[in-house]
Amino acid sequence: MEAVLKVLGILLFDTYSWHGIALAALLIAGYWGMFKKSGVDPRWALVPCVRDYMFSKCAGREPEGRVLFIINALTLVMDLILTIIEVKFEEEQGSTLVLALSALAFVLLIVKAVYHIRICSGIVQMYHANGWWMWLWLFITGLPAVIWGFNPKYQPEIQAEDLTRMSLDTLSGVSVAGMKDGLTVNLEERTAKEFFQKKYLLRDIHMYIKPGHMVLLLGGSGAGKTTFLNAVNGYEKAKAKVTLNGGDIYGEYKKMQYEIGFVPQQELMRGKDTVYRTLTDASRLRLPRDLSRKDRRARVEEVMRIFGLTPVRGNLVEKLSGGQKKRLSIALEFISNPSLFILDEPDSGLDGVMARELMEQLRMIADQGKIVIVITHTPDRVIDLFDDVIVLAKDSNRTGRLAFFGSIEEARSFFGKQTMEQIVMTINRREEGGEGRADEFITKYAEVQHA
Amino acid sequence: MHNNQATANKSGHLVHIRHRGRGPQVIIYLGKLLRMFLYQNDWKVLPMAAIIAALVSMVIKKDFFLTMEGELKGSFALTCVAIWNGCFNSIQVICRERSILKREHRAGLHISSYVASHMIYQALLCLVQSGITIYVLIIMGVKIPMDKGLITISTAVDLTITVFLVSFASDMLSLLISAIAHSTTTAMTIMPFVLIFQLVFSGGIFNLPAWSEQISHYTISSYGLKCFAAQSDYNNSPMVTLWNTLVKMKSSEIGGTYTVGQVLDLLEDKDNGVMTELRSREIDATFTVGELWDVLASSETVNGILDRKIDASMTVGEILTVLRTDENCASFRDINLGFGTVGELLKILDEELEGTELKELQIGRDFTLREALELFKVEDGTSKYRDISVGRTFTLGDLIDAIITNPDIQARRDQPFTLKITVGQLIDLIGEDTLKEYVQSKTAQISHIDAYEKNVGNVVNYWLVFIFFAMLYALLSVIVLEFIDKDRR
């Protein structure tokens with residue numbers, strides 16, 4: 001009977017001492033009120049482990065809440081085992097198993113304390129409360145929980161549910177027909193599972209890009225630009241059909257991956273290797289194996305000449321200037337002469353002149369019949385070089401959506417703005433300093449496509 | 001300029017152009033790693049290995065390959081050196097270029113080729129480090145035998161192979177950690193735990209509780225220690241700790257109040273190795289008739305009966321018979337000479353003189369025993385008998401048994417006596433060489449471990465285990481890295 005009571009106490013309140021249960025009851029009551037205020041089902045307050053996770057969501061600290069959930073679950077299991085041993089197997093109390101579990105419980109307690117502090121700091125920020133509340137939250141969590149839960153004076157800044165709502169329902173419902181040449185993208189959705197929840201990262205993106213076009217990819221922070229590019233190049237697959245020059249990128253990825261050059265934002269090269277060796281290795285990796293050594297070397301020389309790297313061919317990569325590193329990074333992908341060339345902020349860290357030079361080189365590549373897609377945060381100084389623009393925006397549910405795809409002039413007309421930076425400001429959320437009109441343009445573009 | 005790699009043919013299907021496969025990619029990355037060795041200062045691990053070996057040799061050179069304790073200490077130290085070298089060779093190699101690897105994987109790099117190139121490169125590095133380590137140990141004076149090895153041409157080569165395999169297995173373990181960790185900070189945080197785990201659960205230095213002994217079967221260090229101990233012939237080396245402790249205690253005084261019974265029990269103890277050895281020692285107790293007479297003449301007890309008249313008609317043999325059988329002479333016969341009683345000596349003398357002229361010699365007049373003794377001592381006519389050799393050789397065990405069975409001594413079992421003796425005196429009493437040999441061999445016998453037995457089977461088994469560990473970790477590295485595209489950006 002004693003064992004059953006103790007186990008029940010642990011299962012419901014994480015403890016079986018009377019004063020512990022009283023404190024837990026206070027906490028549950030407080031959570032009940034706070035969950036209601038944050039739009040979370042208050043009944044979660046009754047469920048051990050989960051109530052702390054839900055509380056973390058109310059505090060805007062969901063990632064920490066996940067870790068805390070796992071730690072709480074482990075602690076619960078260990079508490080149960082130790083309680084059963086304590087009640088049922090007295091002789092086992094000093095055993096190695098008990099000692100090991102106790103040591104592990106202590107380690108978990110330390111981790112739990114750290115994450116508890118993080119979440120409490122989050123809840124204090126979320127309620128715009130004074131810093132001293134933090135101490136109450138840390139040591140007598142139940143008390144501030146009850147005060148904040150039932151006093152109308154204390155209100156959270158954001159509803160917890162806002163953080164995980166489903167995507168905006170307005171969809172274009174239009175697919176683009178696959179073309180023999182160029183890039184066709186029909187992306188239904190790109191989702192990710194996080195802590196048993198399905199999250200929509202991208203949804204309803206359809207477009208066709210002609211060969212020889214240089215395309216600007218615009219979007220605010222977190223709009224899913226890099227996710228979109230990774231979905232297009234097949235590295236992170238989405239529920240989509242993407243074809244390049246008639247070839248299915250997802251279906252024939254192993255064959256098609258050499259058709260796509262992806263230049264990441266950072267210069268991901270080994271600093272202690274020379275420019276020539278870096279390019280030579282890239283050529284051996286990316287070029288067909290039946291290409292003669294003479295032709296391969298000629299290609300390396302040609303690429304070095306195109307990107308102005310010949311004078312520094314013997315230098316270590318780490319000794320190059322920022323612009324040279326960017327050019328080398330692009331040259332690594334260009335060496336295989338891909339049909340689709342994707343660049344993630346190639347001009348970051350470069351001054352205006354160097355950025356312009358780089359973009360002109362990309363224009364030159366596009367003029368060779370390639371498709372070049374570029375993400376840049378300073379588009380207006382080089383906007384004349386681009387043919388089209390893709391505008392991605394976070395809808396009200398934080399899913400990346402297509403707000404526009406078309407020529408630069410059409411974009412200006414569609415958004416009623418003259419510069420690309422103004423367009424970005426229009427679709428950015430208000431808390432990011434924007435106009436918060438993303439949903440409006442997403443819906444408008446979907447309707448345009450549908451029409 | 002070449003054409004694109006995958007192009008559509010007339011029917012619209014893609015024509016696949018083949019790129020370099022796994023083998024050639026290994027060559028490409030091996031070249032890259034060798035350049036990194038020069039430019040990225042990876043070469044520094046070589047002098048580092050020499051420094052570590054030199055430091056360790058200062059500690060182990062005194063008794064490695066000489067004593068059991070030295071073998072264990074040296075084996076543990078060598079295992080630590082090998083694991084340390086291996087772990088630090090590769091702990092950062094993947095995580096520091098994880099983003100680069102991800103990019104190259106996206107460009108067509110096979111993960112298996114990447115790991116294989118690291119395996120080859122790290123194997124070369126470990127091999128050179130192992131050679132350096134053994135070379136430094138030799139020049140620093142560690143007494144590595146230069147004889148033919150158990151498996152190869154030399155023990156030093158055998159040891160180099162073991163150091164290499166332990167290093168390589170550890171290297172691959174670190175490679176796995178480097179593949180799992182997403183940053184160098186994470187890898188370097190995990191590293192100490194792995195090292196501590198390996199060293200604590202090696203099972204040689206620390207006494208592990210029974211439940212944790214199973215864990216040691218999954219550590220490289222455990223097999224490393226066993227392999228080095230087997231190669232250094234641990235089981236056939238002397239164990240010196242106890243003897244050295246005794247020598248250090250030579251001036252320490254031991255003793256106390258004991259009873260005669262305690263001493264007798266000690267002498268009787270058949271299971272006591274020292275006593276068994278002592279009992280088997282032979283004592284030469286042969287003597288001449290002259291020597292016997294001299295002893296008798298100088299004995300105070302004999303002097304008590306010296307003036308007893310002896311019948312002139314008696315021969316020497318008859319006198320002996322009287323001395324052996326007469327009740328009045330019983331206490332005389334019971335005199336213990338240390339190697340036997342007078343009675344036993346008289347019996348031996350009687351038997352030895354049997355058939356000799358001396359036994360039939362008529363004394364000729366009434367005289368006392370004193371006069372008889374004097375006669376044998378001084379008269380020329382009797383001097384020829386003085387040189388007759390009598391007696392026998394017996395063991396110390398016989399003597400001990402005589403003491404133990406003596407009823408007088410047994411009657412005094414409860415009699416206390418105070419003993420004061422130093423350990424050194426005790427050692428001298430037993431015999432330093434005897435005791436040293438006994439103590440060292442006995443403790444070595446107790447410390448015998450089958451897993452440390454020097455034989456080809458053991459060593460080859462351990463080598464195979466290292467290779468298995470290395471391959472397993474490399475395979476796991478490949479599996480882990482195959483998920484690199486799932487990394488969060």
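See the structure above.
Just so it is clear, the structure is predicted and the values come from calculations on it, not from any experiment. (Residues numbered from 1 in each chain as written. Chains lettered and ligands numbered in written order. Predicted model: local features only at pLDDT ≥ 70, side-chain atom pairs only at ≥ 80, totals over all residues. Heavy atoms only, no water.)

A few words now on the nonpolar core. One finds Leu183, Phe228, Leu279, Leu362, Ile373 and Ile390 of chain A to be the most contacted residues of the largest nonpolar core, which totals 153 residues. Take this core: its biggest share by element is 14 residues, from helix H6 (residues 155-180) of chain B. Among all residues touching Leu183 of chain A, those that are not within four sequence positions of it are Met207, Tyr208, Ile209, Val232, Val242, Thr243, Leu244, Ile249, Leu340, Ile371 and Ile373 of chain A. Ranked by size, the runner-up nonpolar core spans 30 residues in total, among them Val40, Ala45, Phe55 and Trp137 of chain A. (Core = buried A, V, L, I, M, F, W, Y, C linked by side-chain atoms within 4.5 Å. Buried < 20%, exposed > 50% of the residue type's maximum accessible area, 1.4 Å probe, protein only. Helix = DSSP H or I, 4+ residues; strand = E, 2+ residues; numbered from the N terminus. Contact = heavy atoms within 4.5 Å.)

All names here are of chain B. You can see Asp63 is positioned in the loop between helix H2 (45-60) and helix H3 (68-90). Residue class for Asp63 comes out buried when judged on its relative accessible area of 16%. With sequence-adjacent residues up to four places away left out, Asp63 is seen in contact with Gly70, Glu71 and Lys73.

A few words now on the interface of chain B and chain A. On the side of chain A, 47 residues touch chain B, which itself brings 37 residues to the contact. Summed over both sides, the interface between chain B and chain A buries roughly 4300 Å², with carbon and sulfur atoms accounting for 51% of that surface. The partner of Asp281 of chain A in a salt bridge is Arg35 of chain B, with the nearest N and O atoms 2.6 Å apart. The interface formed by chain B and chain A contains 10 residue pairs in polar contact (both at pLDDT 80 or more). Elements with a minimum of two residues in the side of chain B that touches chain A: strand S2 (14-16), helix H1 (22-39) and helix H4 (98-106) of chain B. The element that contributes the greatest number of residues to the side of chain B that touches chain A is H1 of chain B, accounting for 8 residues. Taken together, the residues of the side of chain B that touches chain A break down into 15 nonpolar, 10 polar and 12 charged. (Buried area = accessible area lost by both parts, 1.4 Å probe. Salt bridge = Lys/Arg side-chain N within 4 Å of Asp/Glu carboxyl O. Polar contact = N/O pair within 3.5 Å; in protein donor to acceptor, adjacent residues only side chain to side chain. Nonpolar A, V, L, I, M, F, W, Y, C, P; charged D, E, K, R; others polar.)

All names here are of chain B. In contact at an axis separation of 9 Å, helix H5 (residues 111-139) and helix H25 (residues 456-481) are set at 145 degrees when each is read in the N-to-C sense. In this structure, H5 crosses over H25, and the sense of that crossing is right-handed. Between H5, through Ile111, Ser112, Tyr114, Val115 and Met119, and H25, the contact on the second element is made entirely by Met471, Ala474, Ser477, Val478 and Leu481. When the residues that make up the contact of H5 with H25 are grouped by side-chain class, the tally is 8 nonpolar, 2 polar and no charged. (Axes fitted to C-alpha atoms, helices over the stretch in contact; angles between N-to-C directions. Left-handed = near helix turned anticlockwise from the far one by under 90°.)

All we've got here are geometric facts, nothing functional implied.
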